[in-house]
Amino acid sequence: MKKLLKLIAVNLCIAVTAVVLYSPGLVALRLSDYSIFRAGMSIIAALVLTALFFLSNIALLKGPNQKPVMLEDVPDLEKAKNILKDHCGGRYFGSMAKTASDQLDRIIKCRRRLSGILEQKFTRGSMSFDKFDSVAAAAEVSAIKNVVAMANRMRLFDEKEYARLKHYREDDIPDDIQEEQLRLYQKNFDNVRSTIALNEKILLKLDALAMEISSLTSGDDASLNHELIHEIEKLIDETKYYQ
């Protein structure tokens, strides 16, 4: 429904722009205009509007890319956000895709905040700086891996097939087979939710780490919460279960 409304809105904008540009009494562009500039602009405007019409309609009408996302193609959190865009308008995964994208925004902010705190508290290249920065960097990579796994699960999800299966008792296909198919779809849902929960835990622990480091006095390494670092490392290790 959202995609249809966007399609209507884009085409309406293109049509209104064409009316404004070519209607007498408005801009009134025409090829026969005595002004070479205005005559040329009438051709350029027509080409631009035609290109916008085809490109926007193709972009809005095509479904999400079904090609699996490769981790090496997602070098940072911003790129990870981009791979969720195709799914934010989906009927079944739309809300989860938006939640995951919002999480990445928060992780980006937390990472920047933590980097600033480390710069203030420790000398870059020192053992303390490298220890905490490496943990934060590993947590960021873990979040990216989780989003890649999540996006690939979403891409495998056939919305039309799932909608059909929800009424499986009304067709002639054996119910037990379709119930098993529904369980697979439900498992996919559950895995995506679990991945979102894992990223939220990582974000929580990164926030806690930033707060703890910011409260340290200069050279106060003895009071660092090593248990918190261990918890973050355990969460990072959990990522492998969602690949």
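Before going into details, it helps to say that this report is about the structure given with it. This is a predicted model, so every value here is computed, not measured. (Residues numbered from 1 in each chain as written. Predicted model: local features only at pLDDT ≥ 70, side-chain atom pairs only at ≥ 80, totals over all residues. Heavy atoms only, no water.)

Within the chain, the secondary structure is distributed over eight helices and zero strands. Reading the chain from its N end, one meets helices and strands in the order α-α-α-α-α-α-α-α. Taking the principal axes of its C-alpha atoms as reference, the chain extends roughly 80 × 60 × 25 Å. Among the 243 residues that make up the chain, the fraction classed as buried is 37%. Restricting the contact set of the chain to residue pairs at least 6 apart, pairs at least 24 apart contribute 67%. When the accessible surface of the chain is totalled, it reaches about 14800 Å², and 61% of it is carbon and sulfur. The distance from the centre of the 34 positive side-chain charges to the centre of the 33 negative ones in the chain is 6 Å. (Helix = DSSP H or I, 4+ residues; strand = E, 2+ residues; numbered from the N terminus. Buried < 20%, exposed > 50% of the residue type's maximum accessible area, 1.4 Å probe, protein only. Contact = heavy atoms within 4.5 Å. Areas by Shrake-Rupley, 256 points an atom, 1.4 Å probe, with all protein chains shown as cover. Lys, Arg positive; Asp, Glu negative; His and termini not counted. Charge placed at Lys NZ, Arg CZ, Asp CG, Glu CD.)

Right, let's get into the environment of leucine 71. Topologically, leucine 71 is positioned in the loop between α2 (36–61) and α3 (77–82). Of the residues examined, leucine 71 reaches a relative accessible area of 35% and is grouped as partly exposed. Here the alpha-carbon distance between leucine 71 and valine 141, two residues 70 residues apart in the chain, equals 9.9 Å. Look past the residues within four positions of leucine 71 in its chain and what remains in contact with it is Ile144, Lys145 and Val148.

With that settled, the discussion passes to the packing of aromatic side chains. The geometry of two aromatic rings is summed up by the distance between their centres and the angle between their planes. Inspection of every chain in the model, using the stated rule, returns 10 aromatic pairs. On the numbers, 5.2 Å between centres and 50° between planes, the contact of phenylalanine 157 with tyrosine 162 is tilted. When sorted by exposure, phenylalanine 157 lands in the same class as tyrosine 162, which is buried. Residues tyrosine 162 and phenylalanine 189 carry aromatic rings whose centres are separated by 5.6 Å and whose planes lie at 65° to one another, so their mutual orientation is edge-to-face. Of this pair, tyrosine 162 sits in helix α6 (residues 159–165) while phenylalanine 189 sits in helix α7 (residues 175–214); the two residues are 27 residues apart in sequence, bridging distant segments of the chain. The exposure class assigned to phenylalanine 189 is buried, which follows from its relative accessible area of 5%. By the ring-pair criterion, three or more aromatic residues cluster together here, those being Tyr92, Phe93, Phe157, Tyr162, Tyr185 and Phe189. (Phe/Tyr/Trp six-rings, centres within 6.5 Å; stacked < 30°, edge-to-face > 60°.)

Axis separation between helix α4 (residues 94–121) and α7 bottoms out at 9 Å; the angle between their running directions is 20°. When the axis of α4 is compared with that of α7, the two are roughly parallel. Here the hand of the crossing between α4 and α7 comes out left-handed. Grouping the constituent residues of the contact of α4 with α7 by class yields 15 nonpolar, four polar and six charged. (Axes fitted to C-alpha atoms, helices over the stretch in contact; angles between N-to-C directions. Parallel < 35°, antiparallel > 145°, perpendicular 65-115°, else oblique. Left-handed = near helix turned anticlockwise from the far one by under 90°. Nonpolar A, V, L, I, M, F, W, Y, C, P; charged D, E, K, R; others polar.)

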